Amino acid sequence: MEYYDDIVKKRNSCRGFSDRKVEDSVLTELLKYYEEDESNLIDEIDTELKFYIGTVWDELKKSVGYNGFCIKAPAYMVIYSDVADHYLENAGYIAQGLTLRMTELGLAACWQTINDADEAKKALGEDTDKAVACVVAFGYRDPGNKEKPAGKKSLDEMTDGFKFGQDIDTDLFYNDLEDGLRAIAHAQSFQNLQPYRVIVDHDQIALVGLPDDMTSEADRLLNYGIVMFNFYVVMWAVRPDTPRWSFEPVTDRDLCLPADVTYVAKCKL
Ligand SMILES: Cc1cc2nc3c(=O)[nH]c(=O)nc-3n(C[C@H](O)[C@H](O)[C@H](O)COP(=O)(O)O)c2cc1C
């Protein structure tokens, strides 16, 4: 299926950008996508998208980036959000849609971890009640950048059948769902740790979080939003009636989750 192969699989993080300016027409295209596409998890949460071109790195690096190292890029995309239940999953979902649109537009990008959201807001010079939920560095990849794509968990490692820890019967499920599940296994995550798994059943998939001491609460929730978007967008391209993800608990069956594994969300098929 083209969307998975051409966009989701092709997208990999960029940490070496060229100086080429991101054209206004491209920013307009991204803004249009954000405003017109139904690319969120929770309609009630108000968000705002802003771009910062070329001037914020010096201040931003004090509160954003792995180990205090913010990737230098010609542009940054920031999602501001009202703070409500699941606002970070929602913001991660929205921002992932935008990063995949960037891939379609020939841009490269790299998510940046937020070490202090209040400091980041000050660094960006914003006076808003909304919180800084996501920061993504973007621009055009430096042609000399030889960064290799990060290795990802295999589909087998990422999926269980019916219950946690149970092997999946691939003949039963992979026909219809394979690209959607691959999009989950290929999703971006903090330090590429991919601390989650999917339990597949005939009528739904459930996303669960694995124990992980490295990933902060905020990045864990952003990870989930990214995964949910990847599945949604690939399935949507196959069957536009794909239902949305829901944070409602699973009450009609036992997923057999160990005590240290967290239920995140389900998507009816
Ligand atoms: C929530 C989140 C925070 C991240 N923070 C950073 C960061 O601060 N610096 C960085 O270089 N990469 C960061 N990344 C990028 C990941 O390291 C990258 O997505 C992962 O290694 C997988 O590689 P890929 O994006 O090429 O598939 C972050 C990714 C996510 C999802």
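Residues numbered from 1 in each chain as written. Predicted model: local features only at pLDDT ≥ 70, side-chain atom pairs only at ≥ 80, totals over all residues. Heavy atoms only, no water.

K.L.:
Would you explain the layout of surface pockets in this entry?
P.N.:
Rolling a probe over the atoms, with the probe sized like a water molecule, indicates the empty space that remains. For the largest pocket, the calculated volume is near 490 Å³. Around the largest pocket, the lining comprises 28 residues; the ones closest to its centre are Ser13, Arg15, Tyr66, Gln188 and Ser189. At the level of secondary structure, the elements contributing two or more residues to the lining of the largest pocket comprise strand S3 (108–112) and helix H8 (217–238). The element contributing the most residues to the lining of the largest pocket is H8, with 4 residues. Of the residues in the lining of the largest pocket, the class split is 10 nonpolar, 11 polar and 7 charged. Split by domain, the lining of the largest pocket shows at least three residues from each of two domains, domain 1 (2–139) and domain 2 (155–268). Reported here for the second largest pocket is a volume of approximately 250 Å³. Along the wall of the second largest pocket there are 14 residues; nearest its centre are Tyr33, Asp37, Phe229, Val233 and Trp236. (1 Å grid on protein atoms, 1.4 Å probe; cavity = no way out; pocket = protein on both sides within 12 Å on 5 of 7 lines; lining within 4 Å. Points joined across faces, edges and corners; volume = space filled by probe spheres on them. Helix = DSSP H or I, 4+ residues; strand = E, 2+ residues; numbered from the N terminus. Nonpolar A, V, L, I, M, F, W, Y, C, P; charged D, E, K, R; others polar. Domains from an automatic or database assignment.)

K.L.:
Explain the domain arrangement of the protein here, please?
P.N.:
The extent of an interface is frequently quoted as the accessible surface area lost upon association of the parts. For the protein, the assigned domains read domain 1 (2–139) and domain 2 (155–268). Taking the mean C-alpha position of each, domain 1 and domain 2 sit 23 Å from one another. Listed per partner, the contact involves 25 residues of domain 1 and 25 residues of domain 2. Scanning the region where domain 1 abuts domain 2 turns up 1 salt bridge. At the boundary of domain 1 and domain 2, one finds 7 residue pairs in polar contact (both at pLDDT 80 or more). Those elements that place two or more of their residues in the side of domain 1 that touches domain 2 are helix H1 (2–8), helix H4 (87–104) and strand S4 (131–139). Grouping the amino acids of the side of domain 1 that touches domain 2 by side-chain chemistry returns 13 nonpolar, 7 polar and 5 charged. (Contact = heavy atoms within 4.5 Å. Salt bridge = Lys/Arg side-chain N within 4 Å of Asp/Glu carboxyl O. Polar contact = N/O pair within 3.5 Å; in protein donor to acceptor, adjacent residues only side chain to side chain.)

K.L.:
How do you make sense of the packing of aromatic side chains when you look at a structure like this?
P.N.:
To describe a pair of aromatic rings, you give the distance between the ring centres and the angle between the ring planes. All chains considered together, the criterion is met by 6 aromatic pairs. Ring centres 5.8 Å apart and planes at 65° place the aromatic pair Phe51 and Phe138 in the edge-to-face group. Residue Phe51 is found in strand S1 (residues 47–53), and its partner Phe138 is found in strand S4; the two are separated by 87 residues along the sequence. We note that Phe51, like Phe138, is buried. With 5.2 Å between their ring centres and 90° between their planes, Tyr66 and Phe190 make a pair best called edge-to-face. Of the two residues, Tyr66 sits in the loop between helix H3 (57–60) and strand S2 (75–81) while Phe190 sits in the loop between helix H7 (170–185) and strand S6 (196–200), which places them 124 residues apart along the sequence. (Phe/Tyr/Trp six-rings, centres within 6.5 Å; stacked < 30°, edge-to-face > 60°. Buried < 20%, exposed > 50% of the residue type's maximum accessible area, 1.4 Å probe, protein only.)

K.L.:
I would appreciate a short explanation of the sheet that holds S2 in the present structure.
P.N.:
Strands belonging to one sheet form pairs held by backbone hydrogen bonds; the direction of such a pair is parallel or antiparallel. Across the sheet, which stays open at both edges, the 4 strands sit in the order S1-S2-S4-S3 with antiparallel pairing between neighbours. The two strands at the open ends of the sheet, each matched to only one other strand, are S1 and S3. In this sheet, neighbouring strand axes are inclined to one another by 25° on average, regardless of whether the strands run parallel or antiparallel. Here S2 pairs with S4 via 7 bridges, running antiparallel. By the bridge assignment, Ser81 is partnered in S4 with Ala131. Across the sheet, helix H2 (residues 24–36) is in contact with S1 and S4; its angle to S1 comes to roughly 170°. (Pairing = 2+ DSSP bridges. Axes fitted to C-alpha atoms, helices over the stretch in contact; angles between N-to-C directions.)

K.L.:
Can you help me understand H4 in this one?
P.N.:
Along an α-helix, a turn takes 3.6 residues, which lines up residues three or four apart on a common side. The end-to-end C-alpha distance of H4, which contains 18 residues, comes to 26 Å, matching closely the 26 Å that a straight helix rising 1.5 Å per residue would cover. Summarising burial for H4: 17 of the 18 residues are buried, a large majority. At the C-terminal side of H4, Gly106 shows a positive phi close to 85°. (Expected span 1.5 Å × (residues − 1).)

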